[in-house]
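Each chain, written out:
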Amino acid sequence: MAAFQYFKQNLYKSAQLIGLTEVELKAFETPDRVLRANLTIPLDAGGTATFPAYRVQFNNARGPYKGGIRFHPGADEDEVSALAAMMAVKCAVVGIPLGGAKGGVAVDPKKLSQKEIHELARAYVRAFAEHLGPHIDIPAPDVYTTPEIMAVMLDEYERIVGKSLPAMITGKPLAVGGSAGRDTATADGAVAVLAALLEDRSSDASKLSAAVQGAGNAGAQAARLLQTMGAKVVAFADSKGTLVHEDGLDIGSVLAEKERSGSVLAAARDGAHSAGADAVLTAAADILVPAALEEQITGANAASVKAHTILEIANGPVTPEADDRLQEQGVTVIPDVLANAGGVTVSYFEWVQGHTGERWSHADVEMKLQATMRNAYREVADFARERGVTLRQAAYSLALTRISEAMKVRGRM
Ligand code: GLU
């Protein structure tokens, strides 16, 4: 795992493009603050367990630190730092006034009861409370954390500070000040960007096929939307395997089957068959949508990718080595820092609502999200075309320019 190294490689490519100085580059390579704690929780069976936890506050030049918390066995300082840096980039790409942070607990939440997960959520907030807050650092869900966990974190935080502060965390359930549209925002935003790109190419979605990796919140919604756009979803994978149907799967019934049995593979009938978990990455489809974890498309399998367009809903699913190969193969990669920024965009809307006490309608949120994502795509695509670079280099270049401008006007560099 070399997540931070990957971030630096993306950083260097764009730093050259926009002519960042050594001093400026140094500022982008170094997180503002790395917080660590060991979280000890009581176990249902008696005794206790301890898990390493992190919060990395990368950069707050454009606004308070912002980013999710993941509960995943692979979470460590390197990974959380890379993801924190990517949050700063992401917020700058879509032009929302927030900085970048990320949190993680090295734990397998599938081995914990709901009560133990709640204990862990409260312990996390107790450990880092003085560094969190609506004007300091605002967490949100990420891999294996949910709106319900956000509600528990809010509860613990408000107990500590003794007042109601709903804007201290986003991705909350509607019942405690969550925003309409936040649950589907990541996929909604990603598909809005894809639609804008297809319009640029005068390409008709109903003539395209897609392969989606991940049947969690983002992957499931992406698959639904692709089908609604008229695309054929020919491969759909969860961690157990890939469900394949050359004529296109009926996503609604596959998801209903997954709900019942725990895997998309249970829908393997009527022409749909199952294949290995990695088969989705090299499926014969025009569009590949990695919506699970990082480092899925690597130097080892990039040459076997058949899609001409990759929509990165996960953070970091394509390694830099694979990125170079895909560019040579003529594959367009819509980078994570643009493609999945819809999540934090609606988090921003939720934060604004948390401050003002307003409740925006679903239609309002959706309209604002579409406008934000299409505008960001336009800026990134225009930069890429004018400078003859990839969408990732363009997105990083625009973001770095915006962050360094904020740092300069603040007199930080
Ligand atoms: N965890 C999501 C991401 O990686 C959302 C972050 C947020 O809403 O703050 O973009």
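To be clear, the structure that these remarks concern was listed above.
Residues numbered from 1 in each chain as written. Predicted model: local features only at pLDDT ≥ 70, side-chain atom pairs only at ≥ 80, totals over all residues. Heavy atoms only, no water.

Peer 1: Which residues make up the packing of aromatic side chains, and what values do they have?
Peer 2: According to the stated counting rule, one finds eight aromatic pairs in the structure shown. Taken together, a centroid distance of 5.6 Å and an interplanar angle of 40° make the contact between F4 and F7 tilted. Here the residue F4 and the residue F7 both occupy positions in helix α1 (residues 3-18), the gap between them amounting to three residues, near one helical turn. On the numbers, 5.6 Å between centres and 45° between planes, the contact of F349 with W360 is tilted. With a gap of eleven residues between them, F349 in helix α11 (residues 342-356) and W360 in the loop between α11 and α12 (362-387) connect regions that are remote in the sequence. The residues F349 and W360 share a single accessibility class, namely buried. Grouped by ring-pair contacts, the aromatic residues F4, F7, F58 and Y396 constitute a single cluster. A cation over a ring is seen here: K368 above W360, with NZ or CZ 4.4 Å from the ring centre. (Phe/Tyr/Trp six-rings, centres within 6.5 Å; stacked < 30°, edge-to-face > 60°. Helix = DSSP H or I, 4+ residues; strand = E, 2+ residues; numbered from the N terminus. Buried < 20%, exposed > 50% of the residue type's maximum accessible area, 1.4 Å probe, protein only. Lys NZ or Arg CZ within 6 Å of the ring centre and 35° of its normal.)

Peer 1: A description of the side chain of D238 should follow, citing residues and the corresponding values.
Peer 2: Checked against the element boundaries, D238 lands in strand β8 (residues 232-238). A polar atom in the side chain of D238 sits 2.8 Å from the backbone nitrogen of V264. Apart from the residues lying within four places of it in its own chain, the contact partners of D238 are A215, K258, G262, S263, V264 and A277. (Polar contact = N/O pair within 3.5 Å; in protein donor to acceptor, adjacent residues only side chain to side chain. Contact = heavy atoms within 4.5 Å.)

Peer 1: Which residues make up the site of the ligand, and what values go with them?
Peer 2: Lining the immediate environment of the ligand, one finds 14 residues, of which K66, K90, P141, D142 and S347 sit closest. Side-chain polar atom of N315 to an oxygen atom of the ligand: 3.1 Å apart, as the coordinates give it. A distance of 2.6 Å is found between an oxygen atom of the ligand and a side-chain nitrogen or oxygen belonging to S347. Of all the secondary-structure elements, those providing two or more residues to the shell around the ligand are α3 (77-93) and α11. Looking at the shell around the ligand element by element, the count peaks at three residues for α11. Classifying every residue of the shell around the ligand gives four nonpolar, five polar and five charged. (Near = heavy atom within 4 Å. Nonpolar A, V, L, I, M, F, W, Y, C, P; charged D, E, K, R; others polar.)

Peer 1: Tell me about the pattern of salt bridges, and name the residues and values.
Peer 2: Scanning all chains against the criterion turns up 31 salt bridges. In this structure, R36 engages E77 in a salt bridge whose closest nitrogen and oxygen atoms are separated by 2.7 Å. Here R36, found in strand β1 (residues 33-42), pairs with E77, found in helix α3; they are 41 residues apart in sequence, far enough to count as distant. A residue is classified by how much of its surface remains accessible, and E77, at 29% relative accessible area, is partly exposed. Each of R70, E79, K102, D142 and E294 takes part in a single network of salt bridges with overlapping partners. (Salt bridge = Lys/Arg side-chain N within 4 Å of Asp/Glu carboxyl O.)

Note that all results are geometric; they support no functional claim without further evidence.
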